[in-house]
Each structure stands twice: as C-alpha cells, then as structure tokens.
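Overview (structure and organization)
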Amino acid sequence: MSLDPPTYLASLQANIRQRPIPWDGAVRAGTLTEEQLARIRSVDKVKKDVRKQIIESDLDGYCALFVGGPGKKSVLESAAKRQDVVQYILVLLNDLLTTVPALSKALVKTGDPYQHFIPLLGHRTVTDDPIPLLTSTVLVSLMAGSRDESPAASKALPLIYSYLSSLTTNSDAGLQDIGVQEYSSLLYGHVPREQFWAQRSETVAPLIKILRAAAGIGSGNDATASLWSGTTNPSRSGFEGSLGGGVGLQLLYHVLLVIWQLSFEAAEIGDDLNKEYDFIALYTQLLRLSPKEKTTRLLLSTLLNILVANQNTLLAIAVLARLPALLENLKTRQFNDPDLREDLDRLRELLEEYTKTKTTFDEYVAEVNSGRLHWSPPHRSTVFWAENARKILDYENGALIRKLADIMKQPWEEDKSVLAIACNDIGCLVREVPEKRGQLEKLGLKNRIMELMGEADENVRWESLRALGGWLQYSFDTK
C-alpha cells in the first residue's frame, strides 16, 4: 500500500537533492573512487526510465556501490567523514529503491545489506542530524520493497522498530506521521507483524495513546470510566482539521491503517490487545466519532477482523461497549464505499446472531474471562446478583471465582477501577450467598479486600469497605 511521503520528509529530501556536492574534489580527497562517482552520476538527476534501465543492466555494480563487495568499501564507508555526501547518498539510494524494484531484491541477495545501515540509526553529530531519519527511510524501502522475511531482516527489524518508536513518541506531529507511515510500509507479512506485536510497549502502545487522545480520552481511572460510559470529550472542531488532543486527521488515518494491518494477526493477539488497551471500547468510541468514510471503513474492518477471530471472548465485550446499537445507527447513514457497507452488514449480522442466544450471565462470564472488568450494567444490578450469584460461584467448579481472584491479585496501576469493580462483585456475592464465604476466603479474597482498604484510590477504598462490611455483618449474624 503506497502512501504519499510526509511533508517534512519530502521537504528534507528535496532540499538535500538540490545541494551542490563537489564530487570531483571528493574523489581527489579520497572520499570516494572514480568508479563510485561514475555510477552515481549515471543515475543522478536523470529520468526515471533511464535510471531504471541503467541500474537493471548493472545490478551487481550498484549493489557493490551501496553495500560494498569483496575487497571494496561501500560509498557510505568511503564517505563516512563527509556528512553532506552521506546525506546525499541516502536520499539518492531511497529514490532508487522506490523507483527500481529490482535493486532492493538484488541488495537482499547479497546476504545482509542491513548491517551497512543500522549503525547510522544511532548517528548523532548534532541534535537535529537528519542521517538517522534518512537511514530509516532507506531501511524501510529496502525491506518493504523486497518483502524480505530472511534471518537478516528478522535481526534488523527490532532495531528499526525501536528507532521508529522514537519518532511516534516525539511531540512533533510531523515526525510522528513519518514513524507511523514507515510502520505501515513494514507490516507486509506475518513475520514483521509478529515482531511489531512482540515490541508492543514500543510500537503499539504509543499508537493507542494517539487514538485515545483523538477520542478525547486522557489517562487514569476517570478516563477509562468515561470511555465505557461514552462520555468522552474529543474537543473537536468540525473534524476537518484535528480531533481531540490535537490529533490531525491524516495522522489518525495512518494510525488506524497500521492497526488494521496488525489486525490480520487477530487470532493470536486479539484477546491481549483488548485486555491491555481496552481495544473494543476504544474502537467503538472512535467509530462513534469517526469524521470521514475512510476512517470509518478502517475502524469497521479492524473490528470485524478482531471479533471474527475471537468470537468466544470478545463478542460479549462488544455488546457491553454498546457496539450493536451504534451499528444500527450507522446503518441509517448513506455511505458510498461498498466495502464499508459490506463490513458494516457483516458486523451487524455477527452481533445479532450472538445476542440471540446469549444472556446477561453469559456476558458477565465473558467479561471476567477477558481478564478486565468495566462498570457494565450487571455489576450494579441487584436483580442480576439475586438471580446469578450462586451460578457464578458454582460455574465450572469455581473457575469464574478463581479468575476473579487472579484479576484482584494484579495492581492495575493504569486502571484502578478494575479493583473497585472486583470488590463490588465480591461484596455482592457475599450478600447474596453468605454461606459460601469460606469458598471466597480460601482463595484469599477476604485478605485481598482488607489490603485494598489502604489503596490511595478512593473508589477502591469505598468498594473494599462495602465488601468487607457485608462479610463482617454475616460473621456477626452467625455468632
């Protein structure tokens, strides 16, 4: 999938192309050889078709130029001390890789072409040194152009992702967009997508942060609660320029594109994606606010990929996030994109089929098994607890309560509401089935609730106090 280069990068490359380089003087100084200069001049500032013809007729020579060969240094090694020449060569090479596909395939066949460029990612002679950025574009063009999944590519990929992560976490939206677009170019197959997910604290997490900002969601417990209640504040103005948090529409689209590409690994990552990032609720909210058909299409397609591959665990979460009602609302809108309409219909049918046979109890089971709790309707429903408390305790020989205990053992530093909800649920179980207190105590739940009374979060303290109050009440009543 080809995207227009980001404005900042295109401007930087254009500026470097226009710089005069004293090539003959560089040869006299030993910066590069006559042979290297001849090949550079043959393809520099010539028409694309001429450039293509020249390179395809001399692939071995151009491979030697850029990555060296037996007894020969590459031009980057020769010119290492001349930053202007290095910058020019990196821009030229990227131009060649994007216009002559045969070159990237030929370079990959040399064995490990990446080793010649990876050191330049950490190159810093001055604060705003463009060499690492220009190098990343070469590495991405080389790997993506050849769709390389070799051991050499697998070795280089984590280092490239780490560098691109430094761009996506930059405060400059232009650099963020460059990083995101280069991610997109790399996610062409299972191997790079698998590695992208393996480094998700560097790669995925910053993108989710951008999406949360676009949806008007900050950080902390109140933000998570507002996500599930649908009361976020994107603070947007007509959606034409930017969304919440100043996220531009172009950046939003590119981030959604990357997550859509990642969603083709949904069977392996879907459950963890939702558990770690509240993904279904976040995408439901983004879909509610989506400014354009192209963003709506990506949101729907990604949700479809994730939900189809994880029906047993995530359909219930989608229902709790009120996705079915939103889809019904979207159905009334006139969309021009046939793929969008098809994905919308498939999602509606999938959720309709699920809700025909599932009860509120099934939804609660799925929520607990997802490993993360939200203030969904069952938690506050006295009717639900009166009807289902005993079923919850007995479900699969206590498996659901053991899962609840596992959830409570975690600190949930990023979302303390999970602990508050768990305390609420345990308190409800004690009040409805007091004779089963021993079953809960054996799992350490009473002690954990007593510990949580010392939590800094006031909602956790309050819910743990309520839960313990019920415990003590029945303890006294039985004496």
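Residues numbered from 1 in each chain as written. Predicted model: local features only at pLDDT ≥ 70, side-chain atom pairs only at ≥ 80, totals over all residues. Heavy atoms only, no water.

As named in an unreviewed UniProt entry, the protein is V-type proton ATPase subunit H, taken from Apiosordaria backusii. Quoted straight from UniProt, the Function (unreviewed entry) entry for the protein says "Subunit of the V1 complex of vacuolar(H+)-ATPase (V-ATPase), a multisubunit enzyme composed of a peripheral complex (V1) that hydrolyzes ATP and a membrane integral complex (V0) that translocates protons. V-ATPase is responsible for acidifying and maintaining the pH of intracellular compartments." UniProt, in its Sequence similarities (unreviewed entry) section for the protein, records the words "Belongs to the V-ATPase H subunit family." (UniProt positions renumbered as here; feature names shortened; annotations may be inferred.)

Take the overall build of the protein next. Summing up its helical and strand segments, the protein has 29 helices and zero strands in all. Structurally, the protein occupies a C-alpha span of about 100 × 50 × 40 Å along its principal axes. Looking at the protein as a whole, 54% of its 479 residues qualify as buried. Here the contacts in the protein between residues at least 6 apart in sequence split such that 71% fall between residues at least 24 apart. For the protein, the exposed area adds up to about 21,400 Å²; of that, 49% sits on carbon and sulfur atoms. With 54 positive and 60 negative side-chain charges, the protein shows a spacing of 1 Å between the two charge centroids. (Helix = DSSP H or I, 4+ residues; strand = E, 2+ residues; numbered from the N terminus. Buried < 20%, exposed > 50% of the residue type's maximum accessible area, 1.4 Å probe, protein only. Contact = heavy atoms within 4.5 Å. Areas by Shrake-Rupley, 256 points an atom, 1.4 Å probe, with all protein chains shown as cover. Lys, Arg positive; Asp, Glu negative; His and termini not counted. Charge placed at Lys NZ, Arg CZ, Asp CG, Glu CD.)

A separate point is the packing of helix α3 (residues 34–43) against helix α5 (residues 59–67). Between α3 and α5, whose axes approach to 10 Å, the crossing angle comes to 110°. For the element pair α3 / α5, the angle class is roughly perpendicular. As for the relative orientation of α3 and α5, their crossing is left-handed in sense. Contact residues: Q36, R39, I40, S42 and V43 in α3; G61, Y62 and L65 in α5. When its residues are assigned to classes, the contact of α3 with α5 shows four nonpolar, three polar and one charged. (Axes fitted to C-alpha atoms, helices over the stretch in contact; angles between N-to-C directions. Parallel < 35°, antiparallel > 145°, perpendicular 65-115°, else oblique. Left-handed = near helix turned anticlockwise from the far one by under 90°. Nonpolar A, V, L, I, M, F, W, Y, C, P; charged D, E, K, R; others polar.)

For the rest of this paragraph, the subject is the confidence of the model for the protein. Mean pLDDT over the protein: 90, with 91% of residues reaching 70 or higher. Counted against residues more than four places away or in other chains, residues 235–241, with its pLDDT under 50, gives 11 contacts. (pLDDT = per-residue confidence, 0-100.)

For the structure on display, the rule yields 26 salt bridges. Between R82 and D84 there is a salt bridge, with the nearest N and O atoms lying 2.9 Å from each other. A relative accessible area of 22% means that R82 is categorised as partly exposed. In this structure D84 comes out as partly exposed when scored by relative accessible area, which is 29%. Across the pair E463 and R466 runs a salt bridge, and its minimum N-O distance is 2.8 Å. Pair noted here: E463 and R466 are both in helix α29 (residues 458–477), with a separation of three residues, about one helical turn. Salt bridges linked by common partners bring E328, K331, D345, R348 and E352 together as one network. (Salt bridge = Lys/Arg side-chain N within 4 Å of Asp/Glu carboxyl O.)

If you walk through the whole model with that rule in mind, you get 10 aromatic pairs. For the pair Y161 and Y183, a centre-to-centre distance of 5.9 Å together with 65° between the ring planes defines the contact as edge-to-face. In this pair, Y161 is assigned in helix α10 (residues 151–168) and Y183 in helix α11 (residues 173–186), connecting sequence segments 22 residues apart. Judged on exposure class, the residue Y161 and its partner Y183 are both buried. Here W260 and F264 contribute two aromatic rings whose centre-to-centre distance is 5.0 Å and whose plane-to-plane angle is 80°, an arrangement assigned as edge-to-face. When its relative accessible area of 19% is taken as the criterion, W260 is described as buried. Each member of the aromatic cluster is reached from another via a ring pair, and the members are Y161, Y183 and F196. A cation over an aromatic ring shows up here: K294 above the ring of Y253, its NZ or CZ 4.7 Å from the ring centre. Taking the ring centre of W375 as reference, the NZ or CZ of R380 above it sits at 3.9 Å. (Phe/Tyr/Trp six-rings, centres within 6.5 Å; stacked < 30°, edge-to-face > 60°. Lys NZ or Arg CZ within 6 Å of the ring centre and 35° of its normal.)

Looking at where K446 falls in the secondary structure, it is placed in helix α28 (residues 445–452). The sequence separation of K446 and S464 amounts to 18 residues, and the corresponding C-alpha distance is 9.5 Å. In this view, K446 contacts L440, E441, L468 and W471; residues no more than four positions away in its chain are not counted.

Packing of helix α19 (residues 311–320) against helix α21 (residues 338–357) brings their axes to within 10 Å, and their N-to-C directions diverge by 95°. Overall, the two elements α19 and α21 adopt an arrangement that is roughly perpendicular. Side by side, α19 and α21 meet where Q311, L315, A316, A318 and V319 of the first sit next to L350, L351, Y354 and T355 of the second. Of the residues assigned to the contact of α19 with α21, the class counts are seven nonpolar, two polar and no charged.

Attention now moves to unusual backbone geometry. Positive phi, close to 50°, is recorded for D278, a residue that is not glycine. By the element assignment, D278 lies in the loop between α16 (266–277) and α17 (279–289). In this structure, R322 takes a positive phi of about 65° despite not being glycine. With respect to the element layout, R322 can be found in the loop between α19 and α20 (323–331). Taking the relative accessible area as the measure of exposure, R322 reaches 38% and is therefore partly exposed.

Another aspect to go through is the environment of R212. You can see R212 is positioned in helix α13 (residues 204–214). Judged by its relative accessible area of 16%, R212 is buried.

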